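Structural overview for review
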2 protein chains.
Amino acid sequence: MLELWELGGRDDCRFSTFSWRTRLALHHKGLAFVVHPVAVSDKTAIGFSGQGKVPILKHDGRVVTDSWAIALYLEREFPDRPTLFGGEVGQTLTHVFNVWVDRELIPALIPFLMGDVLDCVSEADGAHLRRQIESAMKQSLEGLSAGREQAMTAFRRKLQPVRKALEANDFLGGAAPTYADYILFGLLQWARVVSPAKVLEDGDVIAAWFGRVLDLYDGVGRRERSRLERAKEAAA
Amino acid sequence: MLELWELGGRDDCRFSTFSWRTRLALHHKGLAFVVHPVAVSDKTAIGFSGQGKVPILKHDGRVVTDSWAIALYLEREFPDRPTLFGGEVGQTLTHVFNVWVDRELIPALIPFLMGDVLDCVSEADGAHLRRQIESAMKQSLEGLSAGREQAMTAFRRKLQPVRKALEANDFLGGAAPTYADYILFGLLQWARVVSPAKVLEDGDVIAAWFGRVLDLYDGVGRRERSRLERAKEAAA
């Protein structure tokens, strides 16, 4: 049995950038799994894992934490299922890509849109996230939000290596998606679920690629309602 | 027959970061080739290629320019030789890596050490390189050189994605080198050949990896004398 713990917000929205990586990796492997939503500030619910972060995978009693460690675990435990890395070269370069996204792309986008998350989570979770980001960025969420247009322009520029590869290929895995696609997808899905901001410009090949990943596995990514969709429903 | 045109400087030193990528790719494929050194400012010598940059590969009369296009060409033309990319996922992610190194790493290091190249090339070439860098960076070579310690600290930090992968693997290709290794090698080899500056700190896993790549193919990288080695010889 496979169980996944991931962040859950108001309206049951699922916005964890790291958990989306794991979710799509599980679908990629064709594995059935149960999902448990956890509130950001509820550390007791995941105390069993011996640490405080999601995603957490439990597989037949074994607990694995950290999205990259989970990806390696799935590749090792289910070698006969579709590969997440396409071999040794792909795995090492996916590792480079994973650290690059974590260190260069996430901090270039998430803090600037984090103000939007406050409406998507409980008050306790919002206070928790505010403290986390404001102490990391040494700036108020409101100040960060005010700089978002400039930040998104810089973020789009940082995506140039991905853009060049996607001009020549449908996915970062080539003709078919692999784990590298899910790494970047997780970040853009986070933005889609929590914020009305337009992160990618129309006509950007990355926007077309994002649409393709949203459609994978019966549209599991697309079925998660975006912030704009939830707002429309609330207004209707 | 395979011929490679690459930059050549004083004392026959070979410092082109892009040509080193191609050189090691040719060795990786186990191909014999002839090398033609070209001066930076000598555009007539490579006029036959219809453009002004090295590396240039000529294979049985066909001319291929641009190091990435050459790598794709070699992989396609010599599929039975050792692979440069390790399959489709590896190829696409190597493309991402190639653009990242070109856009993020090269500008973070080369301009700051470019002052050292002046002693490695003819006066005409030096003037050419000075104009090129000063107009791109909107700063004098001397001003750039003065900021080199700070720049190298930032550069080392930018290498973190590579460092993490090399903590777990001998090469960016995993247990054996692939083209991604040669992409980064070319940059560090450029620095080794033109500058006495210590780009990597002792104990950095990337320094150990660089040593391993210098040793590949009968030490073709190491046989190219470093700036420090040439200075010692000149002083002796």
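Look up a bit, the structure's there.
Everything numeric here is computed off the predicted structure, so don't read it as measured data. Counting of residues starts from 1 at the beginning of each chain's written sequence and follows it residue by residue. To read the labels, note that chains go from A and ligands from 1, taken in the order they are written. It should be noted that, the model being predicted, local features are given only for residues of pLDDT at least 70 and side-chain atom pairs only at 80 or more, the latter also being counted only at that level, while totals for whole chains, interfaces and linings use all residues. The basis for the side-chain values is all heavy atoms of the structure; hydrogens and waters are excluded.

1. A look at the environment of Arg 23 of chain B
Residue and element names in this part refer to chain B. Stated formally: Going along the chain from the N terminus, every DSSP run of H or I of four or more residues is numbered as a helix, and every run of E of two or more is numbered as a strand. Residue contacts are defined here by distance: any two heavy atoms, one from each residue, within 4.5 Å place the two residues in contact.
Relative to the helices and strands, Arg 23 resides in helix 1 (residues 17-28). Sequence-wise, Arg 23 and Asp 202 are 179 residues apart; in three dimensions their C-alpha atoms are separated by 27 Å. If sequence neighbours within four positions are ignored, Arg 23 has contacts with Leu 4, Glu 6, Arg 14, Phe 33, Val 220 and Glu 224.

2. What about empty space enclosed by the protein?
The cut-off we apply is this: In this analysis, the protein atoms alone were mapped onto a 1 Å grid. Cavities are point sets where a 1.4 Å probe fits without being able to get out; pockets are open sets with protein on both sides within 12 Å along at least five of seven lines; lining residues have an atom within 4 Å of a point. Grid points are joined across faces, edges and corners, and a volume is the space filled by probe spheres set on the points. Gly counts as polar in this scheme, as do all residues outside two lists: the nonpolar Ala, Val, Leu, Ile, Met, Phe, Trp, Tyr, Cys and Pro, and the charged Asp, Glu, Lys and Arg.
Throughout the structure, instances matching the rule amount to one cavity of 30 Å³ or more. Estimated volume of the largest cavity: approximately 100 Å³. For the largest cavity, the full set of lining residues is Leu 93, Val 96, Phe 97, Trp 100 and Pro 161 of chain A together with Leu 93, Val 96, Phe 97 and Trp 100 of chain B. Residue classes in the lining of the largest cavity are distributed as nine nonpolar, no polar and no charged.

3. Points about the interface of chain B and chain A
Formally: Values labelled buried area give the accessible surface lost by two parts on being combined, using a 1.4 Å probe and summing over both. For salt bridges, the criterion is a side-chain nitrogen of Lys or Arg within 4 Å of an Asp or Glu carboxyl oxygen. N or O atoms within 3.5 Å of each other form a polar contact, as long as, within protein, one can give a hydrogen and the other can take it, and as long as residues adjacent in sequence are counted only when both atoms are side-chain atoms.
Between chain B and chain A, the contact holds 29 residues from the first and 29 residues from the second. Of the roughly 2400 Å² buried at the junction of chain B and chain A (both faces included), carbon and sulfur atoms supply 68%. Scanning the region where chain B abuts chain A turns up zero salt bridges. Linking chain B with chain A are two residue pairs in polar contact (both at pLDDT 80 or more), by the criterion used here. Of all the elements in the fold, those that place two or more residues in the side of chain B that touches chain A are helix 3 (88-113) and helix 7 (160-168) of chain B.

4. Side note on the state of the cysteines
All names here are of chain A. Rules: By disulfide we mean two sulfur atoms from cysteines, separated by a distance within 2.5 Å. Accessible area is worked out with a 1.4 Å probe on protein chains only. A residue is then buried under 20% of its type maximum, exposed over 50%, and partly exposed in between.
Taken as a whole and judged by the stated rule, the model has zero disulfides over all chains. Cysteine Cys 13 shares no disulfide, and the gap to the nearest cysteine sulfur, in Cys 120, comes to 5.0 Å. Here Cys 13 falls in the buried class, since its relative accessible area comes to 1%.

5. Quick notes on the sheet that holds strand 3 (residues 56-59) of chain A
Adjacent strands of a sheet form backbone hydrogen bonds with each other and so pair up, either parallel or antiparallel. Residues and elements named next belong to chain A. Formally: Strand pairing follows a simple DSSP-based rule, namely that at least 2 bridges must link the two strands. Each axis is a line fitted through C-alpha atoms, and for a helix only the stretch in contact is used; angles between axes span 0 to 180 degrees, taken between their N-to-C directions.
One open sheet holds the four strands; their spatial order is 2-1-3-4, and the pairing between them is mixed. What marks the edges here is a single partner per strand, and that holds for strand 2 (34-38) and strand 4 (62-65). Here the strands of the sheet are splayed against their neighbours by 20° on average, with no regard to which way each runs. With respect to the sheet, helix 1 (residues 17-28) is in contact with strand 1 (2-7) and strand 3, its orientation differing from that of strand 1 by roughly 155°. Packed on one face of the sheet, helix 2 (residues 67-77) meets strand 3 and strand 4 and runs near 130° to strand 4.

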